[in-house]
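Take a look at the letters that make up each chain.
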Amino acid sequence: MSAKIPVGILGATGIVGQRFIQLLENHPWFEVAWVAASDRSEGREYGEAARWRLKTTIPARVAKMRVSPAKPEGAPKVIFAALDASIAAEMEPRFADAGCAVITNSSALRMAKDVPLVIPEVNPDHIKLIECQSWRRKSGGFVVTNSNCSAMGLVLALAPLHRRFEIETVMAVTMQAVSGAGYPGVASLDILGNVIPYIAKEEEKMEEETGKLLGTLNGAGIIPAPFKMSAQCNRVAVEDGHTESVSLKFKKKPEAADILSAWSEFRGIPQEQKFPSAPEVAVRYLEAGDRPQPRLDVDAGHGMTTSVGRLRPCPVLDWKFTVLSHNTIRGAAGAALLNAELLKVQGYLE
């Protein structure tokens, strides 16, 4: 018998659900034992129900699984959730109330006071908020979230700088891949040869979540980071990879060498303890003047490394640079998987 922890996937037929299945194949700690999706997929074999959109093939074992109803009864105790926010707001609490550990990519509960919003390299101590949840006290279940895909790469780049130099202002302009809109996503006649300067609620998510992620744990809540932030979000005709142009103002004025040193020395618990899904380098700096680029750099660290480049003085603030991260791996399924590994190491999945 397998010694791996059995896990389930809610929203298994969608793009992020497929990423979960892809990343969990041959994982040393976890094994997919249950898949659930909407009523139209229920009862069918996963390989028939899912319109598989990834470059790798469906794992044969998962392809033969029957899609279960999206209900806690019969589900494993560890659940990865890849649901639309409107559905997640109702369904995730139901699973937590039934005693499940719900590790979610949804935005529904990210800003709830007692729900940890976590990037393991940045704020692993925020996991302790689990103990404040009513589900935890009642059944042992809980909910942990990862951030919005555009906030993820940005925060990984900001965290080592904020720790050393105290950020006062952040200006970020995103160029976000179409895969961030799910499948079928944005109509081709809307996006080809075009830039769409609006993604619903995206700017608000970036601004709020960045403050929470870089904030301070204070008992039963988080004090958001005190800096000012403005985000402008755009959808562009790129398949995978969110690119961001970032300008910063600091309280302590660093030199370029200080910033590069902060990035190069940045490590977290996942790197120190060699989590299975952790990249060896969380943030890498590229010296070439025209990098990072999605086509060339999005798969760095198996899609889990954030790439930074073009560091230069900003005539309005202090410094500016470019950030790139993989939106469906590091920004979605991979982030949740890394959170699950943190939970296991800290004893929450026993």
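Residues numbered from 1 in each chain as written. Predicted model: local features only at pLDDT ≥ 70, side-chain atom pairs only at ≥ 80, totals over all residues. Heavy atoms only, no water.

We now examine the pairing of strand β2 (residues 30-36). When you tally the buried positions in β2, you get five out of seven residues, the bulk of the element. Two elements, strand β1 (residues 5-10) and β2, share six bridges in a ladder whose sense is parallel. Counted as the bridge partner of G8 is W34 from β2. Judged from the two bridges that link them, β2 and strand β3 (residues 67-68) form a sheet pairing that is parallel. Across the sheet, V35 pairs through a bridge with V67, a residue of β3. (Buried < 20%, exposed > 50% of the residue type's maximum accessible area, 1.4 Å probe, protein only. Helix = DSSP H or I, 4+ residues; strand = E, 2+ residues; numbered from the N terminus. Pairing = 2+ DSSP bridges.)

For the rest of this paragraph, the subject is the packing of aromatic side chains. This model, assessed by the stated rule, comprises ten aromatic pairs. Seen in terms of ring centroids, W263 and F321 are 5.0 Å apart; in terms of plane orientation they differ by 85°. Their pairing is edge-to-face. On the criterion of sequence distance, the pair formed by W263 in helix α9 (residues 256-264) and F321 in strand β14 (residues 319-325) is long-range, its members being 58 residues apart. With respect to class, W263 is no different from F321; both count as buried. Pairwise contacts between aromatic rings join F20, W29, F30, F80 and F275 into one cluster. Over the ring of W29 we find K344, and its NZ or CZ is 4.7 Å from the ring centre. (Phe/Tyr/Trp six-rings, centres within 6.5 Å; stacked < 30°, edge-to-face > 60°. Lys NZ or Arg CZ within 6 Å of the ring centre and 35° of its normal.)

We now examine the state of the cysteines. A complete count under the given rule lists zero disulfides for this structure. C233 supplies the cysteine sulfur nearest to C149, a cysteine that is in no disulfide, at a spacing of 9.0 Å. (Disulfide = S-S within 2.5 Å.)

Our focus in this paragraph is the packing of helix α1 (residues 15-24) against helix α12 (residues 329-345). What describes two packed helices is the angle between their axes and the distance between those same axes. Interhelical geometry of α1 versus α12 gives an angle of 55° and a closest axis separation of 9 Å. Regarding the angle of α1 to α12, the classification is oblique. In this structure, α1 meets α12 at a crossing whose hand is right-handed. Of the residues in α12, those in contact with V16, R19, F20, L23 and L24 of α1 are I329, A332, A333, G334, A336 and L337. Looking at the contact of α1 with α12 residue by residue, the class counts come to nine nonpolar, one polar and one charged. (Axes fitted to C-alpha atoms, helices over the stretch in contact; angles between N-to-C directions. Parallel < 35°, antiparallel > 145°, perpendicular 65-115°, else oblique. Left-handed = near helix turned anticlockwise from the far one by under 90°. Contact = heavy atoms within 4.5 Å. Nonpolar A, V, L, I, M, F, W, Y, C, P; charged D, E, K, R; others polar.)

With that settled, consider the sheet that holds strand β11 (residues 242-250). The six strands are arranged β10-β7-β11-β14-β13-β12 in an open sheet whose pairing can be described as mixed. The sheet is open, and its two borders are formed by β10 (228-235) and β12 (283-286), each paired with just one other strand. Pairwise comparison of adjacent strand axes, ignoring direction, gives a mean angle of 25° for this sheet. Where β12 meets strand β13 (residues 306-313), four bridges bridge the pair, whose relative direction is parallel. The partner of V283 across the bridge, within β13, is T306. Along the sheet, helix α6 (residues 149-165) contacts β7 (167-176), β10, β11, β12, β13 and β14; its crossing angle with β11, the most-contacted strand, is approximately 25°. The strands touched by α9 are β11, β12, β13 and β14; relative to β13, the strand with the most contacts, the crossing angle is about 170°.

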